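For reference, the chains in residue letters:
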Amino acid sequence: MIRTLLITLAVSLMYISAVSAHTIAYSVFDFEQTDDGIELVVGLQPELALTVLGLGHTALTTLEPFDQKMELIGAYVESNVRLTQQGERCVWQTTTDPLRDSLIEQQAEGITVRGLIRCPHSEQPFDIQTDLFVDAHANQKNLLRYRDGEQFVAFAELDRFQDSATVDLRETFTETRRSHPEYRVRQIVLNGLIALTLVLGLGWVLLHVRKRIKKRQDEWRE
């Protein structure tokens, strides 16, 4: 009986060790459509963010380690994300969201770094390359998602073996813009202008044709 318990305990410890060794660290890269363009929002586990501050093995019990150091985390994330389009560098200047009131809330929301993406051709696909935290964590996963209403849809996963992907959100965000009230108003105005232009153009053609007919009638009478 005792031997059985010892074997069970040993197997359990081996299993726990194996799970701990393969714990996946992750960050999310969310692409969101805004009125000013596409915004990239990077969410970090607070425990991961500690490594930026040189406190990777510190037990996180409060948010105090992050006080006055959020800009450092933002700069680190920005320096480890490369956005390009047809070989040209895109601009991504980041800011960090304010800290939450409690550690539990912060762990739920993550440390958030965000910024608008400014590429040479705003409506075209672009490439993202990142090695964020992959050197510090062998099992680091960087998940790429796009926002669809209140949901996030994953479309790529980057790690130490695959650190880049092409981001093509033309169809996705076209539908998002079409559902936006401001877009619908602009479409109504644009369609009205197009209709008015067609009516004026048709009127001009008819007037021109009538003048030519009248001119020929006058010539026949003479």
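Structure shown above.
Quick notes on the rules
- Residues numbered from 1 in each chain as written.
- Predicted model: local features only at pLDDT ≥ 70, side-chain atom pairs only at ≥ 80, totals over all residues.
- Heavy atoms only, no water.
- Helix = DSSP H or I, 4+ residues; strand = E, 2+ residues; numbered from the N terminus.
- Buried < 20%, exposed > 50% of the residue type's maximum accessible area, 1.4 Å probe, protein only.
- Contact = heavy atoms within 4.5 Å.
- Pairing = 2+ DSSP bridges.
- Phe/Tyr/Trp six-rings, centres within 6.5 Å; stacked < 30°, edge-to-face > 60°.

Caption draft 1: Expanded view of unusual backbone geometry. A positive phi angle is found at Gln68, which is not glycine, with a value near 65°. Summarising the element assignment, Gln68 is placed in the loop between helix H2 (46-52) and helix H3 (70-79). A positive phi angle is found at Gln86, which is not glycine, with a value near 55°. Here Gln86 is to be found in the loop between strand E3 (81-85) and strand E4 (88-89). Gln86 sits in the exposed class, given a relative accessible area of 61%.

Caption draft 2: Main features of the side chain of Arg145. Within the secondary structure, Arg145 is located in strand E9 (residues 141-148). Excluding residues within four positions of it along the chain, Arg145 makes contact with Val28, Phe29, Asp30, Phe31, Phe152, Val153, Ala154 and Phe155.

Caption draft 3: Inspection of the pairing of strand E11 (residues 164-167) at higher detail. Residues Ala165 and Val167 line the buried face of E11, whereas the alternating positions Ser164 and Thr166 sit on a face that is not buried. Bridging between strand E8 (residues 126-130) and E11 involves 4 bridges; their strand directions are antiparallel. When the bridges of E11 are listed, Phe126 appears paired with Val167.

Caption draft 4: Quick look at the pairing of strand E2 (residues 37-44). With 8 of 8 residues buried, E2 is to be regarded as a mostly interior element. In this structure, the hairpin formed by strand E1 (residues 26-34) and E2 is closed by a connection of 2 residues.

Caption draft 5: Seen up close, the packing of aromatic side chains. What the rule picks out here adds up to 4 aromatic pairs. Here the aromatic rings of Phe31 and Phe126 are separated by 5.9 Å at their centres, their planes lie at 55°, and the arrangement is tilted. With Phe31 in strand E1 and Phe126 in strand E8, the pair connects residues that are 95 residues apart, well separated along the chain. For the pair Phe31 and Phe126, one class covers both residues: buried. Ring centres 6.2 Å apart and planes at 35° place the aromatic pair Tyr146 and Phe155 in the tilted group. Given a relative accessible area of 17%, Tyr146 falls into the buried group.

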